[in-house]
Amino acid sequence: MTVIGQTAGTGEPVDGRSLRRAFLASLSGTALEWYDFAAYSVAAATLFGTLFFPSGDELAGTMAAFSTYAVGYLARPLGGFVFGRLGDKLGRKRVLVLTLLLTGTATFLIGVLPTYGSIGGFAAVLLVLLRFAQGVGIGGEWGGAVLLSSEFGDPKRRGFWASAAQIGPPAGNLLANGVLGVLALVLTDAQFTAWGWRVAFLLSGVLVGFGLWIRLKLEETPVFQRLAAEGDRSSAPISEVFRLEWRALLAAIFVRVCPDVLYALFTVFVLTYMTSELKMPRGEGLAAVMIGSALQLVLMPAAGALSDRVNRRKLYLIGTIAAGVWPFVFFPMVSGRSFAAVLVGVVLALVIHALLYGPQAALVTEQFSERLRYTGSSLAYTLAGVIGGALAPLLFTALLAGFGSWVAIALYLAVTAVVSIVGVWLARDPEDQLVS
């Protein structure tokens, strides 16, 4: 047995195999669920406006498609409330199996969903319902995935071990964009629009089966096992978080807002901006996002590890300031319609995002006490998603249409950076707390 530090909250040595298995379970589960979410995001930006919300106005169709994108975020708080509470009462592992099943099933069903041309407006209703189910699943996923790896590991290396769940979004985004990109290359536009996009959603069934196989083999986290043995589980975790740990909740919500908006801008809206405003090929935008996402697979755990060596809050502050400034550089840079400029701009934006997102899981979870960690982390994650990522693509589209300029979009992101700076100020350093 290879020992790697002490298990969080127990002081007992943890063997390397269990820790690596927990890291893989956390990473793979979130990657598979974010594959589902990313596949929808790309389809919403490029196809769903025509397939499910036909209109003579291209802008109206895009807005309608992004509205269903927002539904996925608006559903997350329900997942956070329900599954966060269950995670602190029943355990991390059980809940994570349920969230994976829910999201995967919803995505598979989108792959077989009739379009507007077959069943009329009812197709849009079904799409919204399935998007809602996706959001509920992801709302309950993140908090547990973070705890799955971090509660097996040494608290002194929480930034690195908790980053396992953070690698999921770029990994899932990379996989989804890759599958859709390959399909777009090998199929004609007519074939891709008619049925090719469905393949990406149907693949979810296979991927979820793999994720379940990994998670079902994993034991419950040592921290939750100790809480259960001591009878120290909360009977009302939601009310306790709002009553006793409200500052931690506010801090955790605020620090998440800017990274969510930044990610929505440079992985979702940038595709629409390139095709509608810059008149550039869709494949070039997908390629830039894929390359940036690939780099994030390495940068996120590196940023998490860095935050274990330097002050996590100060590192996060630096990343937030960079995020608020970058759009003012990016949009003038890509105005010449150069793929090289788009590639550099998107990649650097995702590098900044990795600097924030890598340490974010540790920063959020260490704000809460052990017995309320799943609930507190899930609520922070999902509520921040509503005011951040949910509205972002809609507001980007509306601001561009209303002002006819990228400046309004850049100012919007700068405002969210100020919100996250306030969150960093409210947040506490781990050494200031009595949580493990």
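Residues numbered from 1 in each chain as written. Predicted model: local features only at pLDDT ≥ 70, side-chain atom pairs only at ≥ 80, totals over all residues. Heavy atoms only, no water.

> Tell me about a positive patch on the surface, and please be specific about residues and values.
A cluster of basic residues, R17, R20, R21 and K217, forms a positive patch on the protein surface. Inspection of the secondary structure puts R21 in helix 1 (residues 16-46). For R21, a relative accessible area of 36% puts it in the partly exposed group. (Patch = residues over 30% accessible without salt bridge, like charges linked within 9 Å, V, L, I, M, F, W, Y side chains within 5 Å. Areas by Shrake-Rupley, 256 points an atom, 1.4 Å probe, with all protein chains shown as cover. Salt bridge = Lys/Arg side-chain N within 4 Å of Asp/Glu carboxyl O. Lys, Arg positive; Asp, Glu negative; His and termini not counted. Charge placed at Lys NZ, Arg CZ, Asp CG, Glu CD. Helix = DSSP H or I, 4+ residues; strand = E, 2+ residues; numbered from the N terminus. Buried < 20%, exposed > 50% of the residue type's maximum accessible area, 1.4 Å probe, protein only.)

> How would you sum up unusual backbone geometry? Please name residues and give values.
Phi at K279 takes a positive value of approximately 55°, unusual for a residue other than glycine. With respect to the helices and strands, the residue K279 is situated in the loop between helix 13 (246-276) and helix 14 (282-309). Residue K279 is classed as exposed on the basis of its relative accessible area of 63%.

> Describe helix 11 (residues 222-230), naming the residues involved and giving the relevant values.
When we look at burial in helix 11, the residues that qualify are P222, V223, F224 and L227. Residues of helix 11 that are buried sit in contact with helix 4 (76-89) and helix 5 (92-111). G231 sits one or two residues past helix 11 and shows a positive phi near 65°. (Contact = heavy atoms within 4.5 Å.)

> Hey, could you go over helix 19 (residues 407-426) for me, with residue numbers and the actual values?
For helix 19, spanning 20 residues, the distance from its first C-alpha to its last is 29 Å, which sits close to the expected 28 Å at 1.5 Å a residue. Listed in full, the buried residues belonging to helix 19 are A408, I409, A410, Y412, L413, T416, A417, S420, G423, V424 and L426. Tucked into the core, helix 19 has its buried residues touching helix 13, helix 15 (312-334), helix 17 (373-390) and helix 18 (392-403). (Expected span 1.5 Å × (residues − 1).)

> Explain the nonpolar core to me, and be specific about the residues and the numbers.
Ranked by internal contacts, the top residues of the largest apolar core, which has 123 residues, are F48, F52, W197, F266, V346 and F396. Ranked by residues supplied to this core, first place goes to helix 13 with 19 residues. Residue contacts for V346: discarding those within four places in its chain leaves F266, V270, A288, V289 and F330. (Core = buried A, V, L, I, M, F, W, Y, C linked by side-chain atoms within 4.5 Å.)

> Outline the pattern of salt bridges, listing residues and values.
A side chain of one charge can pair with a side chain of the opposite charge when the charged atoms of the two come close. One pass over the full model with this rule turns up 9 salt bridges. R92 serves as the salt-bridge partner of D88, at 3.1 Å between the closest nitrogen and oxygen. Classification of D88 as buried rests on a relative accessible area of 2%. Through salt bridges that share partners, R158, D308, R312 and E366 make up one connected network.

> Mind laying out the packing of helix 7 (residues 122-150) against helix 8 (residues 158-186), listing which residues take part and the relevant values?
In contact at an axis separation of 8 Å, helix 7 and helix 8 are set at 140° when each is read in the N-to-C sense. Classified by the angle their axes make, helix 7 and helix 8 are oblique. Helix 8 is crossed by helix 7, and the crossing has right-handed handedness. Counted together, W142, A145, V146, S149 and S150 of helix 7 and R158, W161, A162, A164, A165 and Q166 of helix 8 form the full contact between these two elements. Considered class by class, the residues forming the contact of helix 7 with helix 8 number 7 nonpolar, 3 polar and 1 charged. (Axes fitted to C-alpha atoms, helices over the stretch in contact; angles between N-to-C directions. Parallel < 35°, antiparallel > 145°, perpendicular 65-115°, else oblique. Left-handed = near helix turned anticlockwise from the far one by under 90°. Nonpolar A, V, L, I, M, F, W, Y, C, P; charged D, E, K, R; others polar.)

> Which residues make up the confidence of the model for the protein, and what values go with them?
Confidence in the prediction for the protein averages 83 pLDDT; 91% of positions are at 70 or higher. In the predicted structure, residues 1-6 sits below a pLDDT of 50 and forms 24 contacts with residues beyond four places in sequence or in another chain. (pLDDT = per-residue confidence, 0-100.)

> Residues and numbers for the packing of aromatic side chains, please.
All told, the structure shown has 16 aromatic pairs when counted by the stated rule. Summarising the aromatic geometry, the rings of F396 and Y412 are spaced 5.5 Å apart at their centres and angled 65° between planes, so their arrangement reads as edge-to-face. With F396 in helix 18 and Y412 in helix 19, this pair connects stretches of sequence that are 16 residues apart. Each member of the pair, F396 as well as Y412, carries the same accessibility label: buried. Aromatic ring contacts, followed pair by pair, group F266, F269, Y273, F328, F330, F331, F396, W406 and Y412 into a single cluster. Looking at R256, its charged tip hangs above the ring of W142, at a distance of 5.7 Å from the centre. (Phe/Tyr/Trp six-rings, centres within 6.5 Å; stacked < 30°, edge-to-face > 60°. Lys NZ or Arg CZ within 6 Å of the ring centre and 35° of its normal.)

> I'd like to hear about the packing of helix 4 against helix 17, residue by residue, with values.
Relative to each other, helix 4 and helix 17 sit at 175°, their axes nearing to 8 Å. Taken together, helix 4 and helix 17 sit at an angle that is classed as roughly antiparallel. Residue-level inspection shows R76, P77, G80, F81, F83, G84, R85, G87 and D88 of helix 4 in contact with helix 17, the latter providing R373, Y374, T375, S378, L379, Y381, T382, L383 and V386.

> Report on the environment of L100, specifying residues and quantitative values.
By the secondary structure assignment, L100 is in helix 5. Judged by relative accessible area, L100 falls into the buried class, the value being 0%. For the pair L100 and L32, spaced 68 residues apart in sequence, the C-alpha to C-alpha distance is 8.2 Å. If we ignore the near neighbours within four places in the chain, the residues touching L100 are G29, L32, E33, V208, G211, L212 and R215.

> Quick one: what's the story with the environment of S118, residue by residue and with numbers?
Here S118 shows up in helix 6 (residues 116-119). Owing to a relative accessible area of 58%, S118 belongs among the exposed residues under this scheme. Considered as a pair, S118 and F254 are 136 residues apart in the sequence and their alpha carbons are 43 Å apart.

> An account of a nonpolar patch on the surface is needed here, citing residue identities and associated values.
The grouping of I291, L295, L299, V344, L348 and V351 at the surface amounts to a nonpolar patch, some 410 Å² of accessible area in total. Among the elements of the structure, helix 14 and helix 16 (339-365) are those that each provide at least two residues to the nonpolar patch. Residue placement: L295 occurs in helix 14.

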